[in-house]
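Spelled out, the chains give:
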Amino acid sequence: MHEYDVIVVGAGGAGLRSAIAAQEAGADVAMVTKLHPVRSHTGAAEGGINAALRDGDDWEMHAYDTMKGSDYLADAPAVEALTQESPEEVIQLEHWGMAFSRDDDGRVSQRPFGGLSFPRTTYAGAETGHHLLHTLYEQVVKRGIEVFDEWYVLNLATTDDADPGERSCHGVVAYETATGEVEAFRARDGVILATGGLGQVYDHTTNAVANTGDGVAMAYRAGVPVEDMEMIQFHPTTLPSTGVLISEGVRGEGGILYNDDGERFLFERGYANNDGELASRDVVSRAELTEVNEGRGIEDEYVHLDMRHLGEERIVDRLENILHLAEDFEGVDGLEEPMPVKPGQHYAMGGIETDEFGQTCVDGLYAVGECACASVHGANRLGGNALPELIVFGKRAGRHVAGEDLGDPQVTAGWTPDAEAASVDTPVSLGEPWATRGDAVADGGATADTATATTVVERTLERERERVERLRDRDEGTQHADIRAAVQRTMTENVNVFREESALKEALVDIHAARERYRDVYVADPSSTYNTELIQTIETRNLLDIAEMITVGALARDEFRGAHWRKEHQERKDDEWLKHTMVSWSDGSPEIWYKPAVLRGEAKTYEPKERSY
Amino acid sequence: MAERYSSFTKGGRLWLWQRITAAFLIVVLAFHFFLLHFVHHADEVTFAMSAGRMQQWSYYSLMILFLVTATFHGVNGVYNALVNAGLTGAKRRVIQVVLGVASLLLLVQGVRTANAWAGIDLLPIL
Amino acid sequence: MSTQRQNPETETDNAEAEADTETETERNEVARRRAEQRERERVKENERATADAERYHLKVFRYDPEVEGKQEPRFDDFHVPYEQGMTVLDALIYARDEFDVSLTFRHSCRQAICGSDALFVNGRQRLGCQTQLSDLDQPVRIEPLPHQEVVKDLVVDMEHFYDQMESVEPYFQTTDRPEGELEEQRQSRENREQIKTSTRCIWCGACMSSCNVAAGDNEYLGPAAINKAYRFAMDEREGEEVKQRRLEIIEQEHGVWRCQTQFSCTEVCPKDIPLTEHIQELKREAVKSNLKFW
Amino acid sequence: MSQSYDRGLIEDFGRWREFSAGMWAWIFHKFTGWVLIGYLFTHVAVLSTALTSASADPATVAANQDLYTQTIQALESLLIVRILEVGLLAVAVFHILNGTRLLLVDLGLGLGSQDRSFYASLILTGAIVVASVPTFLAGVSL
Ligand SMILES: Cc1cc2nc3c(=O)[nH]c(=O)nc-3n(C[C@H](O)[C@H](O)[C@H](O)COP(=O)(O)OP(=O)(O)OC[C@H]3O[C@@H](n4cnc5c(N)ncnc54)[C@H](O)[C@@H]3O)c2cc1C
Ligand code: HEM
Ligand code: SF4
Ligand code: F3S
Ligand code: FES
């Protein structure tokens, strides 16, 4: 058994930043990650990082934009923490050598981005995430922080108290891809989950194949509530054949969207009369799909994004990477022709519920980055607001877990008195109704009364070893690839940009059927050397849970807010819905409840206003 | 972790000398070929003529320099090639010694021959 | 169905609960059958579509130290239905999901940024996700990166590559930081332009694999690590003093001098980094700084 | 790592079909360099016969009957030696031209057209060698 003060699961921007912070605060840190750190999907981020750095801009404006962008579903204290600390963190990155683009005076460049009232998106070409990821990894190398790369975390070692709020987390159990060994990692102070996105529940996504929402699913099954899962962002400009992202930076620099009739539809058809292409992402995505659905799409599938008028020099200077992407993945020369684009799954606003220090309701368990929901994005994330989230909350969680006193959180995690129980009418039973009831409340837990920290970890280790063996020993049944494909298809068809009650229900039926099939899943490859099939099979299990959380949340929320549009309920219902959708795993099935959104900030309350761009 | 640099090595210096000698050799080798195959034909070479050329100080010193640079350039080139192919440790020491001795022999023999033509008895031991 | 309530102790009538579960099971059953029906139709439709498609012939290197029949390396043939825009990675994924689940390769981002899937395709190091099948002659021969040990199928051991990358002190160091909070270090646009290409490396290892010198001399830093050193040495923010140190590192015995300007690294780099040029520039920088000291 | 497979030598020269210009240039330069240094050693050995000639009877020398002159002329009368000399010329010319190319590359010049300059070296070598054949084979008895 490995033993450290802090175990960080995942080595994308969020994981790396928290590891650095925890180590600086004196903790003995190890990172466990299924990919080598530089392979993390943070590297794919293109556009930039929002930070109020310049005269004429300030964090309050940034906070205001973020609250408005979130459609008032974000928690103000978290948003204010994000916007106040982002400048300092961005400058920290610069001091660590990050290769930002530069202005003539040698300072870092900033550009306009959708939904922002000031050009505050700090960027490094159209490959900001790549530079951020590598800069942070360099600092991890410098500090000699131990990294277990290509170790797949199977589960959390948590206790099993009836009330999730009383559980505690003592480590993780992981599978070494190269050898097939299952090993335990005990964490004396805490575990930080930073496992990133979950785009693989959809089949048209900008996310990596590794973005399977493992952390969210693991925390969920340990009893941690997940928040606002129905809030999935669809990015308006992805390449139709692969889902590769064409950065919002293109529109930030002045790129224009046209439909098949050559209309600049955002203006000409009144979707966003003020901001046009720079309206918030949900607005633009819906506009594009409406154009396509009404027959004005190109080849009935996509619209055109044109940047030719920007001129070669400007494009090469600021968006060079986009030229390569369009060429390599769509065979289009962005200097000569407009690029085909359509909406694709991009980001999960929701995730593991945390407070502003990344703490979950389970003692010793933290979550940061895209897998977490500190609730800074609410119902819609603004472009350029995810990367600052990684570094701001990464740092906070790292310091907190290492024992620094950061004060009391304003946002509470877990079931509180103002929580509201709820019920949703579903066509099938959810979760795993066949799971044996009564013994374990939290999946993978060890009963609290007898447990010391070490026995909790050891018991989890045993269980996970069994699970891996079971999968490998069986030699007939269903294969995970079919199940995964079925989930992706139903999610893309039924739980997309436009959501309809009957379709959501159909998705739940499909997910249920997929779960049934998963019951006799098996792994055909008998090898213990680099058995990727085994890992994917376990990931698919996580995808099932994730798909269900998203769909249930979407069914519960009968209003239109931010990224979440409901055919039967096309208006925002502030009286009823200024609250977060929470889903917790309890006794083998999901339980739904709500908690109010916190709109009261440090100095003011963010009153919901109509969101028009 | 891969091996860190140990101390300043002469890698750079040898590299530079390889280039400097190469630049010099371009001229001299071309001249040499031209002279002995085109101006004079190889089959017409006689001891007397060779001796005649060698007795000119300028030609003599050019040829000595030619010999020295070519030896350095060639032997260092061979050594480099072996290192590139992963020559290390004891084997490397052996090769260094062998190459060193070989170049010395070559130089000594070359200078003796040149002296014989030039009629120089500068160093009787040679 | 009403989902679990918060208070699990709530009393429920047992009989009622029983009946409830009964109809529930039935309902689940019906729903599931419907879903399966839909799924079957989809699969059929898919099959029909793929039956008509043009197929690409792949020859893929296979090896597994543990599995009988794979211990001796061999090539397997796969015939993958072609779709417009299909990449080598797409084809491999298809072959894995449809024909042989044990086919193993690294991949993640599908967009040439994570650097996981550098492969040896038709005699050249390329990223699977960045290579269009239509640009290749058939059969498409796919092998793991040369000069690295094969772990399984297309997966090679990257440890040595990582070690080399990390041996050049690949992190920013500077002796002077600007005064004042929120002050960034200034960098001219020209300087950022100079290091721009060098910062694009995605650690894919293609360059190292293509270099014959790196194959012969195991300690040679290799083009990627030298390029990493270049990225810092040329960054004016680090200052002169640190630059000298950096030059010392790349000047070591197995540093820049080993490069024989084969250019293959530059040719295969998927990020178009002019590696040879960077290496050569560092050689000159090193010579210059040494001449100063002689 | 449980075990891994080392594909050994096929990795290197077995892949020659897949070599690109720069790699061929490297191989050729290596080969020609080795030939040249090898030749330098033999060349000096042959020339050393001059040592005996120097101490020989001046009359013999005057009559071109000394060991050095005899050796050289005997060698030069062999067709095989002449052919080898043409080979040597080819090797030297290529090494000079490609060496020049490498020097330029070291100076950072023409990196973008390194493959073309390699082909140019090859072609130029061929041309020079062909043009020199008459001179090199002049007066040899078959
Ligand atoms: C194409 C694209 C462009 C974007 N552009 C922008 C932008 O311009 N600006 C912006 O602000 N945001 C952008 N975003 C969003 C932002 O990049 C992501 O939200 C963010 O990078 C997520 O970082 P992360 O550290 O949470 O996760 P990731 O970087 O995805 O890292 C996840 C880590 O977790 C590890 N992991 C996962 N599961 C396991 C497991 N079971 N066991 C062990 N390890 C595990 C992985 O190995 C990986 O290291 C973009 C996103 C995408 C997809
Ligand atoms: C005439 C002009 C010459 C030029 C311009 C020249 C140029 C070069 C250069 C630049 C290299 C270095 C290659 C590298 O390290 O990357 C080299 C290598 C070499 N040269 Fe020359 N050279 C010349 C003549 C000679 C001569 C006369 C000899 C023989 C005595 C010779 C033997 C070698 C050898 C053995 C190597 C090493 C080859 C290898 O890497 O295996 N060269 N030459
Ligand atoms: S330099 Fe290019 S080829 Fe080499 S590792 Fe980096 S990206 Fe890959
Ligand atoms: S291939 Fe190797 S020899 Fe130099 S130019 Fe590239 S590192
Ligand atoms: S899959 Fe990431 S580089 Fe190809």
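Residues numbered from 1 in each chain as written. Chains lettered and ligands numbered in written order. Predicted model: local features only at pLDDT ≥ 70, side-chain atom pairs only at ≥ 80, totals over all residues. Heavy atoms only, no water.

(A) A look at the overall build of chain D. Helix and strand counts for chain D come out as six helices and zero strands. Helices and strands in chain D line up, N terminus first, as α-α-α-α-α-α. Out of the 142 residues belonging to chain D, those deemed buried represent 41%. When contacts within chain D are restricted to residue pairs at least 6 apart in sequence, those whose partners lie at least 24 apart make up 69%. A total accessible area of about 7,300 Å² is found for chain D, and carbon and sulfur atoms account for 72% of it. (Helix = DSSP H or I, 4+ residues; strand = E, 2+ residues; numbered from the N terminus. Buried < 20%, exposed > 50% of the residue type's maximum accessible area, 1.4 Å probe, protein only. Contact = heavy atoms within 4.5 Å. Areas by Shrake-Rupley, 256 points an atom, 1.4 Å probe, with all protein chains shown as cover.)

(B) A look at the coordination of the iron atom of ligand 2. Protein coordination of the iron atom of ligand 2 is provided by H73 of chain B (NE2) and H95 of chain D (NE2), with donor distances spanning 2.0 Å. With six donor atoms in place around the iron atom of ligand 2 and angles of 81 to 179° between them, the coordination shape is octahedral. Residue H73 of chain B is found in helix α3 (residues 57-84), and its partner H95 of chain D is found in helix α5 (residues 79-106); the two belong to separate chains. The class of H73 of chain B is buried, set by a relative accessible area of 14%. For H95 of chain D, a relative accessible area of 13% gives the class buried. (Donors = N, O, S within 2.8 Å, 3.2 Å for Na, K, Ca; no water. Tetrahedral: all angles 85-135°; square planar, octahedral: opposite > 155°, others 65-115°.)

(C) Just the arrangement of the chains, in detail. Among the five pairs of chains that make contact, the interface with the largest number of contacts is formed by chains A and C. No part of chain A reaches chain B; the closest C-alpha pair between them is 11 Å apart.

(D) Structural context of the site of ligand 3. Taken together, 13 residues surround ligand 3, and among them C201, C204, G205, C207 and C269 of chain C come closest. Residue composition of the shell around ligand 3, grouped by class: 12 nonpolar, one polar and no charged. (Near = heavy atom within 4 Å. Nonpolar A, V, L, I, M, F, W, Y, C, P; charged D, E, K, R; others polar.)

(E) Structural context of a negative patch on the surface. Residues E458, E462, E466, E469, D473, D475, E476 and D520 of chain A make up a contiguous surface patch of negative charge. Relative to the helices and strands, E462 of chain A resides in helix α11 (residues 453-473). (Patch = residues over 30% accessible without salt bridge, like charges linked within 9 Å, V, L, I, M, F, W, Y side chains within 5 Å. Salt bridge = Lys/Arg side-chain N within 4 Å of Asp/Glu carboxyl O. Lys, Arg positive; Asp, Glu negative; His and termini not counted. Charge placed at Lys NZ, Arg CZ, Asp CG, Glu CD.)

(F) Layout of the environment of T113 of chain B. In this structure, T113 of chain B sits in helix α4 (residues 89-118). You can call T113 of chain B buried: its relative accessible area is 3%. Considered as a pair, T113 of chain B and A51 of chain B are 62 residues apart in the sequence and their alpha carbons are 10.0 Å apart. Setting aside residues no more than four positions away along its own chain, T113 of chain B makes contact with L47, S48, A50 and L51 of chain D. At a separation of 2.7 Å, a polar atom in the side chain of T113 of chain B contacts the main-chain carbonyl oxygen of Q109 of chain B. (Polar contact = N/O pair within 3.5 Å; in protein donor to acceptor, adjacent residues only side chain to side chain.)

(G) How the structure looks around the packing of aromatic side chains. This structure, assessed with the given rule, holds 28 aromatic pairs over all chains. Between W15 of chain B and W257 of chain C, the aromatic rings sit 5.0 Å apart at their centres with planes inclined by 45°, giving tilted as the arrangement. One end of the pair, W15 of chain B, is in helix α1 (residues 11-39); the other, W257 of chain C, is in the loop between α8 (239-250) and α9 (264-268), on a second chain. Comparing W15 of chain B with W257 of chain C, the two get one shared label, buried. Look at Y162 of chain C and W203 of chain C: their rings are 6.2 Å apart centre to centre, the planes differ by 45°, and that puts the pair in the tilted class. Linking Y162 of chain C in helix α3 (residues 159-166) with W203 of chain C in the loop between α4 (189-196) and α5 (206-210), this pair joins segments that are 41 residues apart in sequence. Across the pair, W203 of chain C and Y162 of chain C agree in class, each one buried. (Phe/Tyr/Trp six-rings, centres within 6.5 Å; stacked < 30°, edge-to-face > 60°.)

(H) Quick look at the domain arrangement of chain D. In terms of domains, chain D is made up of domain 1 (46-76) and domain 2 (78-142). Placing the centre of domain 1 of chain D and that of domain 2 of chain D at their C-alpha centroids yields a distance of 31 Å. (Domains from an automatic or database assignment.)

(I) Structural view of the nonpolar core. Residues L133 and I142 of chain C are the most contacted members of the largest nonpolar core, which totals 167 residues. V32, V457, A513 and A554 of chain A belong to the second largest nonpolar core, which has 89 residues in total. (Core = buried A, V, L, I, M, F, W, Y, C linked by side-chain atoms within 4.5 Å.)

(J) Structural detail: the site of ligand 1. Residue and element names in this part refer to chain A. T33, S40, T42, E370 and L387 are the nearest of the 39 residues found near ligand 1. In this structure, A11 approaches ligand 1 through a main-chain N or O atom, which is 2.9 Å from an oxygen atom. One of the backbone nitrogen or oxygen atoms of G47 is found 2.8 Å away from an oxygen atom of ligand 1. In isolation ligand 1 has 1,000 Å² of accessible area, and contact with the protein removes 98% of it. Of all the elements in the fold, those that place two or more residues in the shell around ligand 1 are α1 (13-24), β2 (29-33), β7 (151-158), β14 (339-348) and α10 (386-401). Split by residue class, the shell around ligand 1 holds 16 nonpolar, 18 polar and five charged.

(K) Broad picture of the sheet that holds strand β10 (residues 226-227) of chain A. All names here are of chain A. Spatially, the six strands line up as an open sheet ordered β17-β15-β10-β21-β22-β18, and their pairing is mixed. A single partner strand is all that each edge strand has here, and the edge strands are β17 (372-373) and β18 (420-421). Of the pairings in the sheet, the one linking strand β21 (residues 579-586) to strand β22 (residues 589-596) comprises eight bridges and is antiparallel in character. Looking across to β22, one finds that M582 is bridged to W593. Sheet strands in contact with helix α5 (residues 214-221) are β10, β15 (351-353), β21 and β22, and its direction is about 70° off that of β21. (Pairing = 2+ DSSP bridges. Axes fitted to C-alpha atoms, helices over the stretch in contact; angles between N-to-C directions.)

(L) Examining the sheet that holds strand β3 (residues 118-121) of chain C more closely. All names here are of chain C. Taken in spatial order, the five strands line up as β2-β1-β5-β3-β4 in an open sheet, and their pairing is mixed. At either end of the open sheet lies a strand with only one pairing partner, and these are β2 (74-81) and β4 (124-127). The mean inter-strand angle of the sheet, taken between neighbouring strand axes irrespective of direction, is 35°. The pairing of β3 with β4 spans four bridges and is classified as antiparallel. What sits directly across from F120, in β4, is Q125.

(M) Looking closely at helix α8 (residues 281-293) of chain A. Residues and elements named next belong to chain A. Between its first and last C-alpha atoms α8 spans 18 Å; for 13 residues at 1.5 Å apiece the expected length is 18 Å, and the two agree. Of all 13 residues in α8, 11 are buried, a share of seventy percent or more. All of the buried residues in α8 are R281, D282, V283, V284, S285, R286, A287, E288, T290, E291 and V292. Phi for G295, located one or two positions after α8, is positive at around 90°. (Expected span 1.5 Å × (residues − 1).)

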